[in-house]
Each structure stands twice: as structure tokens, then as C-alpha cells.
Amino acid sequence: MLRSLILAAAGNPAVRKLVATAPVSRYVVDRFVAGASAGRAVAVSSVLVSDGLRVTLDHLGESVTDEAGAESTVAAYLELLGCLASEGLTSCVEASLKLSAVGERLDEALALHHASRICAAAEQLGTTVTLDAEDHTLTESTLRIHAELRRKWPKTGAVLQAQLRRTLEDCRALALVGARVRLCKGAYAEPSEVAFATSDEVAHSFVRCANLLLAAPCYPMFATHDPRLIDIVSERAHWYGRLSDSFEYQMLYGVRPDEQRRLARAGYTVRVYLPYGSDWYAYLTRRLAERPSNVAFFLRALLPSRDRSP
Ligand code: FDA
């Protein structure tokens, strides 16, 4: 409920202006975002890799409204992939892509064309691409584009959101040999016709989907910070005889960093989702909505310092 309210308020132009221009936003952004440039993203990735983690890099920006926007997203990813290759990081660092950033809301064929260019470059340089999941209005077309991309680049990953009622069926369809499937709870406010409403229902759905993926010959990627779900996945992975290189945990940059390193030290594969770029507003508001205490921190910091409680 609170999450939906925060996401709805975030769409208001006045709130957007306040958040985007408040000096305090910088502190909050720095916690979750590597920086503005590809060079900065690669430098932060390098530190994470030296800590035993893997990385998936996301160039911030989504729902482009014209072809020029889509073209500039492609250029950003090609630059990023080039930088990763010259630093020798492509075996540990991949890319996450939102199809709406390459024109999915304008024209599905255009998005497929642009995503193909990014997947081709990624493969040539020795890495992979995972297609992020956006709100449910894009699920069908994202899965169609994913299926097309997999014909040429079978390691292209897909993301499924446990909060959507359809996801168990989507897991069944995607749990193919070698398929890379990221399972997350889902960050978007969705109507109850398509999504589970309570956090318990979403967690149960996550567990059902995790079981299905772990039992199948695919490569599951469990994107959660939820300690209960991490324990359940570890226990189920052990039960299914999964080796530590046959699945991975994924977490967001800036969220539970100690847990990321603890899991990596315990022998699990852990990948950090690391966004970079200047178009951080939509990403940041989803992070705030996931954790209302982040909003409280943000609002307190907006107040003049004498009004702040200790
Ligand atoms: P939950 O929200 O219950 O959090 C569990 C605990 O984690 C919290 O108690 C807190 O300690 C910590 N935590 C979680 N979020 C936090 C935050 N923002 N700030 C501080 N602490 C926080 N979604 C989507 O719709 N499409 C996508 O493509 C992706 N991709 C993706 C990749 C990766 C690697 C991750 C980790 C997540 C995503 N998500 C996503 C987001 C996902 O759907 C979900 O919204 C968040 O991961 C939060 O859900 P948790 O499973 O972490 O549980």
C-alpha cells in the first residue's frame, strides 16, 4: 500500500522536481548508483570484482520517447562494453538492459533490432545481456523479444517477477537447458488482476518459482535481499544437488553489501546489480518505495539541519 503511494507520488511532476533538484538527493543517489559515466561504472565494477563479486551493469534510463533516445541507449551500451573489454572484465561483468530504453514502447521491432546490436557486441567481447523486467504491460513483448534474441544469443537472460500471477507459467516456459533466468519479487505497483497483493503471497510465489527453476536444467539467478528467501534457496539448491556455479544470488548495489560479501566468501556466486548514468530518478524512487525507511531518511535530510532529530 505504502509502496504504491510512494510510486504514485513519484509520478507527480512537482515531486519529481523537488527530488531531482534537492542537494540531498546526491547522497541518496550515491548509495545506489556507481556514478554518471561508463568509466566510473567500470571502476566501481573492478572494486566489486576484486572483492569476489560479479556485476551486472545497467545504464540508467527507460521508456524513451523517440528513436534518437533509443539510439543513444545503444551507443551508451556499446561504449560500456568496449570499456569493460579493455579492462579485461567481461568474464565477471555483464549488462542489464531495459527494453523500453531501446524503444519497446514505440515499436517492438525497433527494440529487437537495437537489443540485437547490444547482444551481438556483448557476445563478441565475451559477456552476456539480461533483459530487465518492467511493468506488466511490457511482459508479453519483452518475453517475445527475449525468445527471438535467444535464437542467436542463447545466453541472453530474462527477468521474471514473482509478484505477477503469470510468473510460475513463465518459469515453466523458460526453464530450458542453459537458460539464464533472474527471479525477483517485482518493483512496480501492479493491479490485483495481474499481481499478488500481499508480501506473503509474493514470497510464496517466489518460493514456488525458485523450486521450479532449481529443479530444471536452467541457470537461475535469485535477485533478492530477503534473508528468509536466501535461506530457502540455499536449502533447496542443496537438496537439488546444485553446485555453486550452477545458480547465483543477485543483489542491488548499496543494499546489504556485507551480506553480498558473506555469501561470496561462503562459496556462492553473487552478482551485484550496478546502475550508472545521470537519469536516476525512476530507479531511485523504486528503491525508496521498497523501503519506507529510505523515504524517512530522505525527508529528514530535506529539512533544515536544526529541525532534524538526532
Ligand atoms: P524486500 O523488499 O522484502 O527486502 C528484504 C530486505 O532487503 C529488507 O528488509 C532490507 O533489509 C533490504 N532491502 C531491500 N530493498 C532495499 C532498499 N531499496 N533499500 C535498502 N534496503 C533494502 N525488479 C523488477 O521489477 N524488475 C527487474 O528487472 C529487477 N531486477 C532486479 C535485479 C536485482 C539484482 C535485484 C536484487 C532486484 C531487482 N529488482 C527488479 C527489484 C526487486 O523486484 C525488488 O523490488 C527488490 O529486490 C526488493 O525485494 P527483496 O526481494 O530484496 O525483498
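Residues numbered from 1 in each chain as written. Predicted model: local features only at pLDDT ≥ 70, side-chain atom pairs only at ≥ 80, totals over all residues. Heavy atoms only, no water.

Asks: I'd like a rundown of the sheet that holds strand β3 (residues 129-131), residues and numbers included.
Replies: Read once around its circumference, the closed barrel built from eight strands follows the order β1-β2-β3-β4-β5-β6-β7-β8, with strand pairing classed as parallel. Each strand axis lies, on average, 30° off the axis of its neighbour in the sheet, ignoring direction. Of the pairings in the sheet, the one linking β3 to strand β4 (residues 157-161) comprises two bridges and is parallel in character. Bridged to threonine 130 within β4 is glycine 157. Running over the sheet, helix α11 (residues 257-265) touches β7 (248-252) and β8 (270-276) and is turned about 165° from β7. (Pairing = 2+ DSSP bridges. Helix = DSSP H or I, 4+ residues; strand = E, 2+ residues; numbered from the N terminus. Axes fitted to C-alpha atoms, helices over the stretch in contact; angles between N-to-C directions. Contact = heavy atoms within 4.5 Å.)

Asks: Any chance you could break down the confidence of the model for the chain for me, citing the residues and the numbers?
Replies: Summarising the model, the chain shows a mean pLDDT of 92, and 95% of its residues fall at 70 or more. In the predicted structure, residues 305-310 sits below a pLDDT of 50 and forms four contacts with residues beyond four places in sequence or in another chain. (pLDDT = per-residue confidence, 0-100.)

Asks: I'd like a description of the environment of leucine 252, backed by residues and values.
Replies: Checked against the element boundaries, leucine 252 lands in strand β7. It is 8.8 Å that separates the C-alpha atoms of leucine 252 and proline 275, two residues lying 23 residues apart in sequence. Sequence-distant contacts of leucine 252, that is, excluding residues within four places in its chain, are made with His225, Gln260, Val272, Tyr273, Tyr283, Arg287 and Glu290.

Asks: Please give an account of the site of the ligand that cites residues and values.
Replies: The environment of the ligand is formed by 25 residues, the closest being Lys185, Gly186, Thr224, His225 and Glu290. In this structure, an oxygen atom belonging to the ligand sits 2.6 Å away from a side-chain N or O atom of histidine 225. One of the side-chain N or O atoms of glutamate 290 is found 2.6 Å from an oxygen atom in the ligand. Counting only elements with at least two residues in the shell around the ligand, the list comes to α3 (25-32), β4, β5 (180-184), β7 and α12 (281-290). Per element, the largest residue contribution to the shell around the ligand is three residues, and it comes from β7. (Near = heavy atom within 4 Å. Polar contact = N/O pair within 3.5 Å; in protein donor to acceptor, adjacent residues only side chain to side chain.)

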